[in-house]
Structures are given as structure tokens and as C-alpha cells.
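# Architecture and fold: a report
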Amino acid sequence: MRAMETGQMSGNGKRTAMAAAEEEKAYIHWLYQAAGMGSRGFLRALEPFGTPREIYGMTLSGALSEKLSERFQKKAARMSEFSRGYDVAGAYGRMRERGIFLVTAGEPQFPERLKRIPDPPCVLYCAGRLPQEGKKAVAVIGARDCTEYGRYMAGQFGEALAKADVQVVSGMARGVDGIGQSAALRAGGYSFGVLGCGVDICYPRENRSLYEALLADGGVCSEYPPGTEPRGILFPPRNRIISGLSDAVLVVEARERSGTLITVDMALEQGKEVYALPGRATDPLSGGCNRLIRQGAGLVSSPKELLGELLEGIAGDDARQPKTAQGRLVFLEGVQGQLWEILDFDPLPVQELQRRYEERYGKTIALPALFRELLELCAGGCAGQMGGGYFMRALKT
Amino acid sequence: MFSTITSGAVYGVHSHLIQVEVDISQGLPCFQIVGLPGSEVREARERVKVALKNVGVRLPPMCINVNLSPADLPKNGTMFDLPVAVGIMTALGKVKQEAVDGTLLLGELGLSGELKPVRGVLPIAREGARQGIRRCVLPAGNAWEAALVGDMESIGVGNVKEAAALLAGEEISVPAPTAAPDEGAEKEEALDFSQINGQQGLKRAAEVAAAGFHNLLIIGAPGSGKTMLARRIPSVLPPLTAEESLEVSTIYSICGRLHAAGALRTIRPFLNPHHTITGRALAGGGRIPMPGVISLAHRGVLFLDELPEFKRETLDILRQPLEDKRVQIARSSGSYVYPADFMLVGAMNPCPCGFYPDRARCRCTPFEVRRYLNRVSGPILDRMDICVEAAPMAFADMTSGRREETSAQVRERVMAARKRQEHRFAGTGIHFNADMGAGDVERYCVLGETELRYMERMFSCLQLSARAYHRILKVARTIADLDDSAGIGEIHLAEAICYRQSDHKYWNGGGDAE
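Residues numbered from 1 in each chain as written. Chains lettered and ligands numbered in written order. Predicted model: local features only at pLDDT ≥ 70, side-chain atom pairs only at ≥ 80, totals over all residues. Heavy atoms only, no water.

## Some thoughts on the interface of chain A and chain B
Listed per partner, the contact involves 45 residues of chain A and 45 residues of chain B. When the two sides are added together, the surface that chain A and chain B hide from each other amounts to roughly 3,700 Å², 58% of it contributed by carbon and sulfur. It is Gln351, Arg372 and Leu375 of chain A that lose the most area in chain A upon contact with chain B, and together they represent 16% of the buried surface on that side. Applying the counting criterion to the chain A and chain B interface returns two salt bridges. In this structure, Glu490 of chain B engages Arg372 of chain A in a salt bridge whose closest nitrogen and oxygen atoms are separated by 3.0 Å. Where chain A touches chain B, the interface holds six residue pairs in polar contact (both at pLDDT 80 or more). Taken together, the elements giving at least two residues each to the side of chain A that touches chain B come down to helix H9 (148-163), helix H10 (176-186), helix H17 (350-361), helix H18 (367-379), strand S11 (383-386) and strand S12 (390-393) of chain A. Tallying contributions element by element places H18 of chain A first for the side of chain A that touches chain B, with nine residues. (Contact = heavy atoms within 4.5 Å. Buried area = accessible area lost by both parts, 1.4 Å probe. Salt bridge = Lys/Arg side-chain N within 4 Å of Asp/Glu carboxyl O. Polar contact = N/O pair within 3.5 Å; in protein donor to acceptor, adjacent residues only side chain to side chain. Helix = DSSP H or I, 4+ residues; strand = E, 2+ residues; numbered from the N terminus.)

## Considerations on the sheet that holds strand S3 (residues 137-141) of chain A
Residues and elements named next belong to chain A. Ordered in space as S1-S2-S6-S5-S4-S3-S7-S8-S9, the nine strands form an open sheet in which the pairing is mixed. Two strands lie at the open edges of the sheet, namely strand S1 (100-104) and strand S9 (298-299), each paired on one side alone. Direction of pairing for strand S2 (residues 123-128) relative to strand S6 (residues 219-222): antiparallel, over a ladder of four bridges. Across the sheet, the residue bridging to Tyr125 is Ser222, located in S6. (Pairing = 2+ DSSP bridges.)

## Notes on the sheet that holds S11 of chain A
Residues and elements named next belong to chain A. The strand order across the open sheet formed by three strands is S10-S12-S11, and the pairing between neighbours is antiparallel. In the strand order of this sheet, the two ends are held by strand S10 (348-349) and S11, each with one partner. Bridging between S10 and S12 involves two bridges; their strand directions are antiparallel. From the neighbouring strand, Leu348 faces S12, where its bridge partner is Phe391.

## With respect to the packing of aromatic side chains
What the rule picks out here adds up to eleven aromatic pairs over all chains. Where Trp30 of chain A meets Tyr56 of chain A, the ring centres are 4.9 Å apart and the plane angle is 80°; that geometry is what we call edge-to-face. Residue Trp30 of chain A is located in helix H2 (residues 17-35), and its partner Tyr56 of chain A is located in helix H4 (residues 52-61); the two are separated by 26 residues in the primary sequence. With respect to burial, Trp30 of chain A and Tyr56 of chain A carry one shared label: buried. Ring geometry for Phe371 of chain A against Tyr499 of chain B: centres 5.4 Å apart, planes inclined by 70°, an arrangement best described as edge-to-face. Here Tyr499 of chain B lies in the loop between helix H24 (490-498) and helix H25 (504-507) and Phe371 of chain A lies in helix H18, a pairing that spans two chains. Comparing Phe371 of chain A with Tyr499 of chain B, the two get one shared label, buried. One aromatic cluster is present, built from ring pairs that chain together Tyr27, Trp30 and Tyr56 of chain A. Over the aromatic face of Tyr252 of chain B sits the side chain of Arg265 of chain B, whose NZ or CZ is 4.8 Å from the ring centroid. Over the aromatic face of Phe432 of chain B sits the side chain of Arg418 of chain B, whose NZ or CZ is 4.3 Å from the ring centroid. (Phe/Tyr/Trp six-rings, centres within 6.5 Å; stacked < 30°, edge-to-face > 60°. Buried < 20%, exposed > 50% of the residue type's maximum accessible area, 1.4 Å probe, protein only. Lys NZ or Arg CZ within 6 Å of the ring centre and 35° of its normal.)

## Observations regarding the confidence of the model for chain A
All names here are of chain A. For chain A, the average pLDDT comes to 84, and 89% of its residues sit at 70 or higher. Per-residue pLDDT stays below 50 along residues 1-12; that stretch engages in 21 contacts with residues further than four places along the chain or on separate chains. Contacts from residues 313-328, a stretch scored under 50 in pLDDT, to residues over four places away or in other chains number 30 contacts. (pLDDT = per-residue confidence, 0-100.)

## Here we look at the pairing of strand S1 (residues 2-11) of chain B
All names here are of chain B. The element S1 is extensively covered by neighbouring structure, given that seven of its ten residues are classed as buried. When S1 meets strand S2 (residues 14-25), the two strands line up antiparallel, connected through ten bridges. In the strand pairing of S2, Gly8 is matched with Leu17. Taking the residues between adjacent antiparallel strands as the criterion, S1 and S2 are bridged by two residues, where Gly12 takes a positive phi near 65°.

## Some thoughts on helix H11 (residues 208-217) of chain A
Residues and elements named next belong to chain A. Here H11 has its buried residues at Leu210, Tyr211 and Leu214. Down the axis of H11, the smallest arc covering the buried residues is 100°, so these residues share one side. Opposite its buried face, H11 presents the exposed residues Ser209 and Ala216, each directed more than 90 degrees away. The inward-facing, buried residues of H11 abut H10, strand S5 (191-194) and S6. (Arc of directions from axis to C-beta.)

## Observations concerning the side chain of Lys25 of chain A
All names here are of chain A. Looking at where Lys25 falls in the secondary structure, it is placed in helix H2. At a separation of 2.8 Å, a polar atom in the side chain of Lys25 contacts the side chain of Glu107. Every residue in contact with Lys25, bar those within four places of it in the chain, is listed here: Tyr92, Leu102, Glu107 and Gln109.

## Description of the environment of Glu22 of chain A
Residues and elements named next belong to chain A. Examined against the element boundaries, Glu22 turns out to sit in helix H2. Note: C-alpha distance between Glu22 and Pro118 (96 residues apart in sequence) is 27 Å. The contacts of Glu22, once residues within four sequence positions are left out, are Tyr92 and Arg96.

## Some words on the pattern of salt bridges
Counted under the stated rule, the structure contains 47 salt bridges over all chains. Here Arg291 of chain A ties to Glu256 of chain A by a salt bridge, and the two come within 3.3 Å at their closest N and O atoms. Here the residue Arg291 of chain A occupies a position in helix H14 (residues 287-294), and Glu256 of chain A occupies one in the loop between strand S7 (248-251) and helix H13 (260-269), the gap between them amounting to 35 residues. On the basis of relative accessible area, Glu256 of chain A is assigned to the partly exposed category, the value being 41%. Between Glu405 of chain B and Arg413 of chain B there is a salt bridge, with the nearest N and O atoms lying 2.6 Å from each other. You can call Arg413 of chain B partly exposed: its relative accessible area is 29%. Residues participating in the shared-partner salt-bridge network are Glu244, Glu247, Arg268, Arg299, Lys325, Asp341 and Asp435 of chain B.

## A look at the pairing of strand S8 (residues 135-139) of chain B
Residues and elements named next belong to chain B. Within S8, four of the five residues are buried, which leaves it mostly tucked inside the rest of the structure. Sheet analysis places strand S5 (residues 103-105) next to S8, joined by three bridges and oriented parallel. Each bridged residue has a counterpart across the sheet, and for Leu105 the counterpart in S8 is Val137.

## Focus: the state of the cysteines
Disulfides are covalent bonds that link the sulfur atoms of two cysteine residues. By the definition in use, this model includes zero disulfides over all chains. Cysteine Cys122 of chain A remains unbridged, with the sulfur of Cys221 of chain A as its closest cysteine sulfur at 14 Å. Not part of a disulfide, Cys445 of chain B finds its nearest cysteine sulfur in Cys498 of chain B, a span of 18 Å. Given the relative accessible area of 5%, Cys445 of chain B is considered buried. (Disulfide = S-S within 2.5 Å.)

## A few points about unusual backbone geometry
Residue Pro204 of chain A follows Tyr203 of chain A across a cis peptide bond; omega there is -5°. Within the secondary structure layout, Pro204 of chain A lies in the loop between S5 and H11. Residue Leu36 of chain B is not a glycine yet carries a positive backbone phi of 50°. Within the fold, Leu36 of chain B resides in the loop between strand S3 (30-34) and helix H1 (39-42). You will see that Arg299 of chain B, though not glycine, has its phi angle at about 65°, which is positive. Along the chain, the position of Arg299 of chain B falls in the loop between helix H14 (293-296) and strand S14 (301-304).

What follows is the structure in C-alpha cells.
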């Protein structure tokens, strides 16, 4: 593929280099669509035949299949089938009109950090803005089914990183990924999403508002052409791009066996720093983090510590104080304060709270009174209710 | 050669008296029944013929015509066997017409002439009494049912010969109708709140629901005691009043489940249909409409275990009855109305595996959890006034040996709250706080200045919906009633708010990125 991209200047002497590059990209776009998913071997086999434009010509004339070995005949047939009636310039133009652009590995705007990883993508389909080279970038990643603790910490880190002008890279997934990115954008920072589907598709659907915000104030990219539907096999390879685009990877929450750990492996392979947020030994969603720490990952317990490692002399907020939605510190008094002490990030049933209260303070508390105080905490944003009778600490960001 | 016998039939929960007219005249020998007889009624011919022969009454070779009047009502059931047989004997002059005037006859005949119990005796006897009939002759197994109706002499007989002898004025000894004790009641009394260890939150919610007859949704892991609690709810409900008892017994009589029980229902019914139940079995229906499970649960508890497993269409059938407190079934033969004023208790797991939010055991994705919860249709969830979480049992609770409150103790409080409601709603047709409409809520759930401000604050902080607001007020009214408080206080409102349905956003937990 490198050969194709560097060979693009020949034969187009009269036109400007820019327009020529655009035209060549139209053919690259065609090639990626025509070859389909999972065609890395095939694309490598095509490399000796010339630029994508030349391959296009060979495909139409039927010369391509003659040159290819037996095992690629099927692919070649699919390609010529796809190319029949395909409008190369038109299809590319329509894509550009939708605000999606293509960056090849040979171009100067291709992210520098990504060029240095062992297996960089040949092209990136992007929308929005690409991350800036001069600024630090951190991948905030973690479980999709995160706990309230994970939600809170992801939000805190996202916000603090944004405020320290650090770019937040992640996969726009449910849970930690999306929360960290949302928080960064809300705080006025920059965030970049690496998708496992076409950049024109919002997956998961519930992250629509984040997706829109990324297009407006950040960016998204994918190595797959627009229109590619999300499929399970497409997601692990994109993790190398997440870590590749970042200077450090922060794991907020992960189970012992988690997809998040794929990204960590990639990061280690690429020589990036890995940080993990510690959790309790009993918490299954912190199992992965705790193991990473044992294996030598950096332990960070607040955004301040992470920023201290990344940059020098940056002060962040301390995370371990109850805060309201406005970020103000609140001082809880009396029964509410006592209740906040026995609440947990894991939701607890009321009778359990009643018993803990009795055990800890030696006083009984009647259910109606307990309900009233808990509700007061909920209304103040210091607690959350789940279902009819579960309460937990909720520190909303 | 002509006779008229009074009998009756049930339509929905209402009954009509039916005149059975028999005429025997010269002509080609025949035996026919007219007046829209259903197949059971048409078969009465054969049963009557054989039964009469076996008790020694020979039918003459003449033309026997039986008409069931009013002739435009479809007739179903086997209760016309006895009237037809007695009608023939009267037309043959073996029984005097005067002897059968003013007597209600019902009963199914066996081929030997013996009489078998039939369904719907209670409503028919009530209708008869209303129309001035003072005596009824019916199978011995049904006699006690008619005896429940005041001003009605109920005579139970063993076979058609006895019936004829009785009507002819002969002295025969028949046992006095006695009702057996309600066996169901005994069995249900064995279920007691004190058998549930711990689960204070759940029990409290059940108490509030019982006091105001609120619909209750219990969400919890398998084995957390959802079903155990639901089964014990009737034990804390106030007993049926005399009027309610008659209503409930009528429905059971129509379904033929009263004579089997052998007594008037005094305990509130508890019905827990399996989730494979069809819509027709739930709401009632059939070619010959019969009350469904929701009508059998009238004035009692309808418990739907594993709510999301019920077919959506089946659950949606409940929407109208939950609103109207009755179910209307229209068939080509007519439209039938069955009462269906029940307390709906639903139980469900929080997620497909059942352990959410315990992250150590539950590996369901937020998406799976949401899809599972969405299987229950919104309008049904909207009718749930109280939503409560059943937490897995703590070991300490199981072994604490603490004496738990008995149903009788809880029921005492419920009864006191019930008294307050009776007093409040006297003459309005409202039975319980849960029956209040939007207008009634405004009238009966007046908040003071401080409480209003409290609600305003909670409304904005917790993002409550307008729909939730009325539900909260109704439940708060019940909690205040339990507290024996005339006004609704903050503490009552707070508890009611905690029982609201968690909005789906929270359910998703770490779901969306917001």
C-alpha cells in the first residue's frame, strides 16, 4: 500500500498536487469499499499491481483476475461485481459533502502518534477534527456496564483532563468510554472517538448526543468505510487505534476478563503508559484494574495524580468529597451525614441500611424516617435510588 | 295438559328468570325443546326421558313441546333438566300447577333420576327472591347456596321422584341445608407474615398497598421472597364485607367453584395464573362467556409472577379492566359484564439472569436489562402505584430468630386505615384510596403550605412526572391513614416518593453516557 500512495504523483503533472491527491483518494475509497472487510491479505497482494487507479482499470478490463492467484479469485469477482456502474468520483464527492474525509498513512496530517505503532491503519475515515499533535492525549477506557463509582470517576477524569487541556480519546462505547468523553466535551475540552463501524453510524444509538457533540467539538474516526455496520469482529482491531492515538491509557473499571484489557495489551505493545484506577478487592468491576496495578500499571486515585504524571505542576480537584450537580462541596450534618457514611457505591436495600445504621450508631431508625432522609440525600444529589428500595451513593458530575 | 315452571339462567353476573312451558297434546309422538336452547339444553330431552322412565314415569306417545321463555335469550347449562321433568309431570297431572307456582326449580338430572349440583345457583336465587319467589327446589348439593338468600326457603332434594313427591304435598324428610366451613380459608390462614424473616422494606410496602388497595410491583432476585410475600397479602387485607362477600360468591357460583368450596367466600380471593395463560382465560370469554381469572380475583389479589414472561397482548388486556374495574365481553349472543376490581400484584426479576444490580453475579449488559424491563408494557407499569425492590435475603435475617410481626398485627393497622377511608369516602362509591380519580385526589389529598413546597422541591430535584405526582399523593394519603394522621405530612410524602417507579434512566445504571 505504501507504494500506491507514493506513486500517486506520476502522470498528473498538469494538475495541482492537491486535486490529484483528492482524485487518488477517490480510488482508495473505491478500493476499500470494493475489497470489503477482512481483506488485509488481499490488499497486500494487490500492492505490486500499481496505484488504486490502475487496479481500478484492471478490474474493469478483467485483467486483474488473470494476474491473481487461485485463492483471491472470489475476491476479484466480488470486486468487479461491485465496480460495475460504480461512480468513483461521485461516490467520493458525496462522502466529502457529508463532512467525512479520508487520511492516508502517507499524508502529513495523519496522526504522528499513530504512525509509530507496529500495525498502523493505512487509511482513516474521519469526521470533525483530528487530535492536535502538540497536546497530550489520554485514552479513558473501561467497562460498558460500569458501576456508579465508575460513572463518577470517568466523569471526574474526563472533566479534569479537559480542563488541563489534555485530549480524551476513547471508543464512544456505553459506560466508561462515553461518560469520560461526554464529561470532557462538557468541560469545554476536546475528545476524539475511534469507532468500530463507519463514522456515519452512531453506535451505540443511545450515545447520539455524544456523537453529535463529537462531530461539533471533537472528532471521530474509523478505519472502515462509511456505511460499515457495527460487528463484533471489527471492535478489537480499533482498540489499537485508541491506544495508538494516546500518550497514556487510563483504565477506570474493568473485569478480570474484559475487552478493555485488549486495549491495554495494545498499549503495552505500542509502548504507551498504562494507568489504572484501584477498586476494592471484592468489586468484580475493579478486578481487572487491580490486576493491572499488580502487574505494574501506574496507580492513580485522582485526576490530580494522573495529571501530575502526565504534565508537571497541574492541580486538579480532589475526587473524594461529596459534591452536588453544580460541583459545590456540601457538608452533610446529622442523620443525613451518618447515612451518607453507611451508603455505598453499590446499591443497598433499605433494610440493610437500617441494620447498618443500628450497628454503627447504636440507634434504631424507623423505615418512614429512613425513607425521608434518604430522599433528602437523593434530592441533594448525594445519593441515588434504584428500583423501589435500593439506595447508593451518587456523586453526579 | 299445559304447565309452566319457573327456572332461571345466568347472563354475565346478572340472572334472568326463565319460564319453562310444557304442553302435551295429541299428535305424532315427539319431544322438542324450543326457545334458543344450547346443546346442553337440547340434550336435556334424553336425560329427562330416561330419568323419568327410571323413576317410574312413562311418557305417553304424544307430542311434547317445551318452550323456554323469554324465547329470544340463548339458554345454556344443565339447570333446566329438573324444570322440564317436573313440567312434564305437571302437564301429565301428576303434580298440580298450583303446587309449582311461585317455586324456583333448578337442577341437572342423571339417568337414574338423581339430581346433581349446577352452577350459578346463588345469582339465580337472588334474582328469584327479588321478583318475589319464596321457595326453591334444587339439588341437595346446591341447597345451602340458595339458603344464603334471605326470605327464600331452600329445599334440597336427592332425585326427581323426591322433588315430585315434595311438590305433590307429601311429607318427605330432607336434610336442612348446611354450609361446610370454607376450606380455602383455613388453608390461607396458615400463610402468615410472621413466616417472612427480615425484608422489612418489602413488608412495609405490602402493608401500605394492602391498606389502600394499591397495585404493587415487586422487583427482585430469584429467591428473595417475592412470591412468598405476595401469597401472604390476602392475610393482611381487611376481610370481605357482607356485600362484597356476596359479590365474590356470585362469581364463584357462576364458575361452579362455590358449591365445591361449600361456603360463602369470606377471605379475599388470591389468584396467581401461570404466565402461559391466554387472554381469554384471563379476561373471561368463550363461546358461552364465563368469568376469567381477573373476575375471580374481584375484591382480592391478582398476582402475576414473572411479569415479563406474560405475553404482551395478554397483559394489555388488563388495561381496560384496571381502569373500569370491570370487564365487558361482547359476543354475538350478547354482551356480558363481569366485575373485576382487583389489586394487581406483579413480581419480576430485575434482569434476565435475575441478579442485577449485584455485579458479582449479574453479567447482563445494560441493553439486555433494558430490553427485559421493556417487555412489560408501559400502560401496565403506569397502573402500579407502589414499586418495591426485594433484596436477596441476608443470612443474618434468616437466623436472627427475631420475632416477626404476625399478619393479625399488620391487619389491625390496615383495618384502622381502612376505617379512615370508609369514613372519608362515605357515599361516594369509592372503596379505597387507590380508587381515587384525578378529581378525587385534588379533593381528598390536600397538601399544606410546607408540604406543597416540599413536593415542589422534590418534583424538580428528582424530575418526577406529572403522572407520578397523582400516584404519589394517593399513596401518601394511605401512608398518612396508616399513621392515623388527618393531613398528609412530609414524612408520608417522602415514603410515597420512594415507592415511585424508578425511572428507566436509573435502571440503566451505567448505561448511557450522560
